[in-house]
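# Chains, contacts and geometry: an overview
Chain residues, written in single-letter form:
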Amino acid sequence: MKRKVTKAVFPVAGLGTRFLPATKSVPKEIMTLVDRPLIQYAIDEARAAGIEDFIFVTSRGKSALEDYFDLAPDLENALRKAGKTELLKALRDTNMDSGAIAYIRQHKPLGLGHAVSCARKLIGNEPFAVILPDDVIAGETPCLQQMVEAYQETGGSMVAALEVSPSQASSYGVLDVSSQDGSLVRVRGMVEKPAAGTAPSNLAVIGRYILSPRVLQNFSKIERGAGGEIQLTDAIAHELTEGRDVFGYLFDGKRFDCGSKAGFLQATVAFALARDELRDELAAFLDTLHTQRQAAQ
Ligand code: UTP
């Protein structure tokens, strides 16, 4: 059965160890690309896809995230008095309707799958989206919107798929594909973090999903997987063993892995170069750096 997707889960309970010491006190999702935190890009993408209910799976030390989506009446008043309408508008994007946002705690970081399963009571019996805010995707049509449109035709469960090199495959969940029709691939198997040389394809799963609520029931049927964690990939793959459809969607857009330092820095530069007020100065600086590097070689 195909239904409207109105709920999204944002699993943000990970430890963010790759960004220590910063993430000792700053949640990874609050780190900014230029002047907007990663979580704002994720929320904007969800809104564009028609999401109305936002479910955050959080952990200790993530209260800055809750504050970020709260009203800031003093700040808004000061900006209003000063006539700073552009800044007021930027601030309003951070406001959520009362009741539209819910926070659930994952008490132990047992893995992405476990984090998603913590939201099961709020999801109920509806298809739902999962967005990992550290995967930032730039493009004309937001990635989740592309997937929601494709999902209206397919039903089942759907994961965002990205072509990666064989050497990168062992860092991802990888799809075993039976057929392809344009941007859509039919999945017949999924392996989380395959050992080098054993990946069934070069199509990796990245952080956008539209899932059948049945996936939530699969957590009681699967064991701990790669890294001793309860893996979302394994719960989705279980759909296949029960004869249900899983699709991969080859989205249009440039994905930045903002969970890694190199990816985060690349996204920072790309997003800054996309801004009119920053482009010229930053491009000139990058040119100078490049020339200096070449001269030093
Ligand atoms: P990562 O694999 O990037 O882990 O999680 P991490 O803890 O965020 O970062 P590192 O690897 O230690 O630097 C992918 C997504 O899954 C969430 C994370 O918050 C991130 O959005 N996650 C992961 C959870 O919510 N709970 C978990 O137990 C594990």
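Notes on the structure in this doc start here. Nothing here was measured: the structure is a model prediction, and the numbers come from that model.

### Observations concerning the pattern of salt bridges
In this structure the tally under the stated criterion is 19 salt bridges. The shortest N-O distance in the salt bridge between Arg-275 and Asp-35 comes to 2.7 Å. Here Asp-35 lies in the loop between strand 2 (32-33) and strand 3 (36-37) and Arg-275 lies in the loop between helix 10 (261-273) and helix 11 (276-296), a separation of 240 residues in the sequence. When its relative accessible area of 22% is taken as the criterion, Arg-275 is described as partly exposed. A salt bridge links Glu-277 to Arg-275; its shortest N-O distance comes to 3.0 Å.

### With respect to the layout of surface pockets
Of the pockets and cavities examined, the largest pocket occupies roughly 1200 Å³. Considering the residues around the largest pocket, the lining is formed by 43 residues, among which Arg-18, Leu-112, Leu-132, Asp-134 and Lys-193 are closest to the centre. Considering each element in turn, the lining of the largest pocket owes the most residues, 4 residues, to strand 11 (residues 203-211). A breakdown of the residues in the lining of the largest pocket according to their chemical character gives 17 nonpolar, 14 polar and 12 charged.

### What to know about the site of the ligand
In the neighbourhood of the ligand, 17 residues make up the surrounding shell, with Pro-11, Thr-17, Arg-18, Lys-28 and Gln-106 lying closest. Ala-13 places a polar main-chain atom, nitrogen or oxygen, 2.9 Å from an oxygen atom of the ligand. Note that an oxygen atom of the ligand is positioned 3.0 Å from one of the backbone N or O atoms of Gly-16. In the complex, the protein chains occlude 82% of the 570 Å² of accessible area that the ligand would expose alone. A majority-of-atoms criterion places the ligand in the largest pocket. In terms of residue class, the shell around the ligand is made up of 8 nonpolar, 5 polar and 4 charged.

### A look at the packing of helix 10 against helix 11
Remark: helix 10 packs on helix 11, axes separated minimally by 8 Å, with the N-to-C direction vectors making an angle of 130°. With respect to each other, helix 10 and helix 11 are oriented oblique. Across from Val-269, Ala-272 and Leu-273 in helix 10, the residues of helix 11 making contact are Leu-278, Arg-279, Leu-282, Ala-283 and Leu-286. Of the residues contributing to the contact of helix 10 with helix 11, the split by class is 7 nonpolar, no polar and 1 charged.

Criteria and cut-off values
Residues numbered from 1 in each chain as written. Predicted model: local features only at pLDDT ≥ 70, side-chain atom pairs only at ≥ 80, totals over all residues. Heavy atoms only, no water. Salt bridge = Lys/Arg side-chain N within 4 Å of Asp/Glu carboxyl O. Helix = DSSP H or I, 4+ residues; strand = E, 2+ residues; numbered from the N terminus. Buried < 20%, exposed > 50% of the residue type's maximum accessible area, 1.4 Å probe, protein only. 1 Å grid on protein atoms, 1.4 Å probe; cavity = no way out; pocket = protein on both sides within 12 Å on 5 of 7 lines; lining within 4 Å. Points joined across faces, edges and corners; volume = space filled by probe spheres on them. Nonpolar A, V, L, I, M, F, W, Y, C, P; charged D, E, K, R; others polar. Near = heavy atom within 4 Å. Polar contact = N/O pair within 3.5 Å; in protein donor to acceptor, adjacent residues only side chain to side chain. Areas by Shrake-Rupley, 256 points an atom, 1.4 Å probe, with all protein chains shown as cover. Sits in = over half its atoms within 2 Å of the grid points. Axes fitted to C-alpha atoms, helices over the stretch in contact; angles between N-to-C directions. Parallel < 35°, antiparallel > 145°, perpendicular 65-115°, else oblique. Contact = heavy atoms within 4.5 Å.

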